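Architecture and fold: a report
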Amino acid sequence: MHTLRIRMRPLLWGMILLPGLADAQSSQFITSTRTPATAVVAASTTTTTQNARLLPLFGERSKTAEQIGQEIKFLNDCDQNFTSRDEASQFFAARGWEYVAESQLDTATYRFNLAWLLNDKNADAYWGLGVVCYQQSKLSDAIRMLKKGLAVADTNAMLMTDLATVQIKQYQTTRDTTELNESESLLQKATTLQPTNATALMKLSLVHFVRADYGPAWTYFHRARILDLSTLDLNYLNELMAKLPDPQGIFK
């Protein structure tokens, strides 16, 4: 099965592996010549603080006085090391993607949390946390984080495609048609915003396959193929051919 440099390539029908959404984020990496941000982060002195660092958005829970003090120090340090908190947030998000690519998920979580702390409108912070949750097999949390990202970047076709892909995966477990319907709506919007989004078209093919609607599944499959051959997955192609021969007769 092909993989999209760690974003998501066409899904294998039986497994739907989604090998890490994050590699494609390398094109969004932000470099900085400033002092490495990790140098200005105060070390935690309590187990509670350490655990919160490893939870999306610091666990979304009430903070201790110690945590608040550390956050204030961190923000002040960033104010001295970056021209703006937005720049600092982008820097930490970029580091988070790098750690995801290295499979250091705990460290990645902390970096994305710091990016969020600096700017809660940074979609990459939520996107990255969604990736981490996905790789930890926490699909509900992954969907929740990705939806938060989409709430602040509602025209991001790539993010829509990633969210829809995780929802398709979740549907295979829950059989909740709401997930499948939402994923289709997202993918339709993604292809409207970005007509050349071959990955989204291939995911639309999969949505119809899951519904046993094989004619439209082939239609979307060929639309994706024409745009980008690398989106083709031979395993999925074989599954689709087994259900319905290619109406165009290209694959036999």
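Provided above is the structure to which this section pertains.
Notes on the structure in this doc start here. Only a predicted model underlies this, so the values are computations on that prediction, with no experimental measurement involved.

How each quantity is defined
Residues numbered from 1 in each chain as written. Predicted model: local features only at pLDDT ≥ 70, side-chain atom pairs only at ≥ 80, totals over all residues. Heavy atoms only, no water. Salt bridge = Lys/Arg side-chain N within 4 Å of Asp/Glu carboxyl O. Helix = DSSP H or I, 4+ residues; strand = E, 2+ residues; numbered from the N terminus. Expected span 1.5 Å × (residues − 1). Buried < 20%, exposed > 50% of the residue type's maximum accessible area, 1.4 Å probe, protein only. Contact = heavy atoms within 4.5 Å. Axes fitted to C-alpha atoms, helices over the stretch in contact; angles between N-to-C directions. Parallel < 35°, antiparallel > 145°, perpendicular 65-115°, else oblique. Left-handed = near helix turned anticlockwise from the far one by under 90°. Nonpolar A, V, L, I, M, F, W, Y, C, P; charged D, E, K, R; others polar. Core = buried A, V, L, I, M, F, W, Y, C linked by side-chain atoms within 4.5 Å. 1 Å grid on protein atoms, 1.4 Å probe; cavity = no way out; pocket = protein on both sides within 12 Å on 5 of 7 lines; lining within 4 Å. Points joined across faces, edges and corners; volume = space filled by probe spheres on them.

Before going further, it helps to spend a moment on the pattern of salt bridges. Inspection of the entire model under this criterion finds 10 salt bridges. Salt-bridge contacts for Lys148 lead to Glu60; the nearest nitrogen and oxygen are separated by 4.0 Å. Placement of Lys148 in helix α6 (residues 139-152) and of Glu60 in the loop between α1 (47-53) and α2 (65-81) is noted, with a sequence separation of 88 residues between them. Linking Lys121 and Asp120 is a salt bridge whose minimum nitrogen-to-oxygen distance equals 3.4 Å.

Here helix α5 (residues 123-135) contains 13 residues, and its C-alpha end-to-end distance of 18 Å stays within 8% of the 18 Å for a straight helix at 1.5 Å per residue. The set of residues buried in α5 consists of Ala123, Asp124, Ala125, Tyr126, Trp127, Gly128, Leu129, Gly130, Val131, Val132, Cys133 and Tyr134. Next to the buried residues of α5 lie α3 (85-101), α4 (105-118), α6 and α7 (157-174). In the stretch just after α5, Ser137 is the one whose phi turns positive, near 65 degrees.

When the terminal C-alpha atoms of α3 are compared, their 24 Å separation across 17 residues agrees well with the 24 Å that a helix rising 1.5 Å per residue should span. Among the residues making up α3, those that are buried are Ala88, Ser89, Phe91, Phe92, Ala93, Ala94, Arg95, Gly96, Trp97 and Val100. Just beyond α3, the residue with positive phi is Ser103, at close to 60 degrees.

What follows deals with the packing of α3 against α4. Put simply, α3 and α4 touch, their axes get as near as 8 Å, and they point 165 degrees apart. Relative to α4, the element α3 is oriented roughly antiparallel. In the crossing of α3 with α4, the sense of the turn from one axis to the other is left-handed. Facing α3, whose interface residues are Arg85, Ala88, Ser89, Phe92, Ala93, Arg95, Gly96, Trp97, Tyr99 and Val100, α4 presents Thr107, Ala108, Arg111, Phe112, Leu114, Ala115 and Leu118. Here the residues of the contact of α3 with α4 sort into 11 nonpolar, three polar and three charged.

Residues Phe74, Phe92, Phe112, Phe221, Tyr236 and Leu240 are the most contacted members of the largest nonpolar core, which totals 67 residues. Contacts of Phe112, omitting those with residues within four sequence positions, involve Ala93, Gly96, Trp97, Val100, Asp124, Ala125, Gly128, Leu129 and Val132.

This part is about the environment of Ala125. Here Ala125 lies in helix α5. With a relative accessible area of 0%, Ala125 lands in the buried category. Sequence separation of Ala125 and Leu146 is 21 residues, and the distance between their C-alpha atoms is 9.5 Å. Leaving out residues up to four positions away in the same chain, Ala125 has contacts with Phe112, Ala115 and Trp116.

Further remarks concern the side chain of Thr109. Assignment of secondary structure puts Thr109 in helix α4. Setting aside residues up to four positions removed in sequence, Thr109 forms contacts with Arg53, Leu54, Leu55, Pro56, Leu129 and Val132.

Moving on, we come to empty space enclosed by the protein. In total, this model carries two cavities of 30 Å³ or more according to the counting rule given. When its volume is computed, the second largest cavity comes out at roughly 30 Å³. Lining of the second largest cavity is provided by Leu54, Pro56, Thr109, Leu129, Val132, Cys133, Gln136 and Lys138. Looking at the lining of the second largest cavity residue by residue, the class counts come to five nonpolar, two polar and one charged.

With that settled, the discussion passes to unusual backbone geometry. With a phi angle near 60 degrees, Arg175 is a residue other than glycine that sits in the positive phi range. You can see Arg175 is positioned in the loop between α7 and α8 (177-193). Phi angles above zero are rare outside glycine, and Ala212 is one such case at about 65 degrees. Secondary-structure assignment places Ala212 in the loop between α9 (198-210) and α10 (214-227). For Ala212, a relative accessible area of 47% translates into the label partly exposed.

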